[in-house]
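Examination of the molecular architecture
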Amino acid sequence: MTNDTVRVTDQLLTSGANASEKTLLVLEAVMTHARFSEVVEATGLAKATTHRILATLIERRFVTVAPDGGYLPGPKILSLAGQALRRIDISAIAQPFVDALVDEVHCTVHVGVANGDEIVYLIRADSDKPYRMPSRVGLAIPMHTSGIGKVVLSGYNDHELDRFVARAELPALTVNTITTLDALRAELAEIRKAGYAFDREENVPGVICVAAPIRDSTHKINYGISISTLTIEHTREQLEAMAPLVVETAAQISAALGFIPSSSSAPPEGAYS
């Protein structure tokens, strides 16, 4: 039982939890615990109470019983989850976090989504600077040339990366663009270690960015967020100093999308330059 669950359970039991609160507690527990004893332990409720609630959830198809006797999410909960996911609008969810980041760093902030082998901008929020970035919502850019694209690629396994490179062929957009599989593989290893990526004038000369991955409820990296600026405005060291801010904003958006981090997915300490 997690510390959060213990605190919630203690509050419910000491405050005389009503039936709906107990039902929600059991439903949450059964999503991650297959055995009756585990559900009882996770909720802290009496066995008879837990058994009665589970029987109702099974009857209403929110929970199903596997052939081995364990509990699984039922068709009703899966259907509701699918409907909720289809209604998610990441632009609407991310916009308040993006606006707050722009106010803090006074730079342009982008949110992009993977579309095939490209990144498509979903959000571009400008700062109070007199210049504008050469980007727009809906613009598609090669994945290997952008910070957002590279954080998406950092979630690929070796086989997926090999197939991507075979398709994309890594064309050079600037003299700084990564154009070989070995160089890209080394870059992605550093990104996984640091928790964020840089675009060092790899897409547009004179434009640099730092980007972080946005994860959804399945832990998959389909989105990213970046802080973009000009080389005449900020040094690379100044840009790197903004990395914790973009990582934190990415984590906030991920949480809003339903991502719950595990111990292995927590952002690592340290950085690379």
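Refer to the structure above for everything that follows.
Described in the following lines is the structure provided in the data block. (Residues numbered from 1 in each chain as written. Predicted model: local features only at pLDDT ≥ 70, side-chain atom pairs only at ≥ 80, totals over all residues. Heavy atoms only, no water.)

Non-glycine residue Glu201 carries a positive phi angle of around 60 degrees. Among the structural elements, Glu201 can be located in the loop between β6 (197-200) and β7 (207-215). Of note, the phi angle at His219 is positive, near 75 degrees, even though the residue is not glycine. As for its position among the elements, His219 is in the loop between β7 and β8 (221-230). (Helix = DSSP H or I, 4+ residues; strand = E, 2+ residues; numbered from the N terminus.)

Let us now look at the packing of helix α6 (residues 90-105) against helix α11 (residues 243-256). Between α6 and α11, whose axes approach to 9 Å, the crossing angle comes to 165 degrees. Here α6 is positioned roughly antiparallel relative to α11, judged by the angle of their axes. Relative to α11, α6 is oriented so that their crossing is right-handed. Two secondary-structure elements touch here, α6 through Ile93, Ala94, Phe97, Leu101, Glu104 and Val105 and α11 through Leu245, Val246, Thr249, Gln252, Ile253 and Ala256. Here the residues of the contact of α6 with α11 sort into nine nonpolar, two polar and one charged. (Axes fitted to C-alpha atoms, helices over the stretch in contact; angles between N-to-C directions. Parallel < 35°, antiparallel > 145°, perpendicular 65-115°, else oblique. Left-handed = near helix turned anticlockwise from the far one by under 90°. Contact = heavy atoms within 4.5 Å. Nonpolar A, V, L, I, M, F, W, Y, C, P; charged D, E, K, R; others polar.)

As a further point, take a negative patch on the surface. Residues Asp99, Asp103, Glu104 and Asp128 make up a contiguous surface patch of negative charge. With respect to the element layout, Asp99 can be found in helix α6. A relative accessible area of 35% means that Asp99 is categorised as partly exposed. (Patch = residues over 30% accessible without salt bridge, like charges linked within 9 Å, V, L, I, M, F, W, Y side chains within 5 Å. Areas by Shrake-Rupley, 256 points an atom, 1.4 Å probe, with all protein chains shown as cover. Salt bridge = Lys/Arg side-chain N within 4 Å of Asp/Glu carboxyl O. Lys, Arg positive; Asp, Glu negative; His and termini not counted. Charge placed at Lys NZ, Arg CZ, Asp CG, Glu CD. Buried < 20%, exposed > 50% of the residue type's maximum accessible area, 1.4 Å probe, protein only.)

Core analysis: the biggest nonpolar cluster contains 31 residues, and Val98, Val210, Ile214, Ile225, Ile227 and Val246 have the highest contact counts within it. For this core, the elements supplying multiple residues, two or more each, are α6, β3 (108-115), β4 (118-125), β7, β8 and α11. Of the residues forming this core, the biggest block, six residues, is contributed by α6. Those residues in contact with Ile227, other than ones at most four positions away along the chain, are Leu101, Val105, Cys107, Thr108, Val109, Ile208, Cys209, Val210, Leu239, Met242 and Val246. Counting 20 residues, the second largest nonpolar core, distinct from the first, contains Val151, Leu161, Leu170 and Ile178. (Core = buried A, V, L, I, M, F, W, Y, C linked by side-chain atoms within 4.5 Å.)

Here we come to helix α2 (residues 19-30). Between its first and last C-alpha, α2 extends 16 Å over 12 residues, near the 16 Å set by a 1.5 Å rise per residue. Of the positions making up α2, those classed as buried are Leu25, Val26, Leu27, Ala29 and Val30. (Expected span 1.5 Å × (residues − 1).)

Evaluated as defined, the whole model comprises two aromatic pairs. Between Tyr156 and Phe164, the ring centres sit 6.4 Å apart and the planes meet at 90 degrees, which makes this aromatic pair edge-to-face. The interplanar angle of 85 degrees and the centroid separation of 5.7 Å between the aromatic rings of Tyr196 and Phe198 together place this pair among those described as edge-to-face. The pair Tyr196 / Phe198 is uniform in exposure class, with both members buried. (Phe/Tyr/Trp six-rings, centres within 6.5 Å; stacked < 30°, edge-to-face > 60°.)

This next bit is on the side chain of Glu202. With respect to the helices and strands, the residue Glu202 is situated in the loop between β6 and β7. Owing to a relative accessible area of 2%, Glu202 belongs among the buried residues under this scheme. Within the structure, the side chain of Glu202 is placed 2.9 Å from the side chain of Lys150, a separation counted as a polar contact. Polar side-chain contacts of Glu202 include one of 2.9 Å to the backbone nitrogen of Arg200. (Polar contact = N/O pair within 3.5 Å; in protein donor to acceptor, adjacent residues only side chain to side chain.)

Function-wise, these values are silent; they only describe arrangement.
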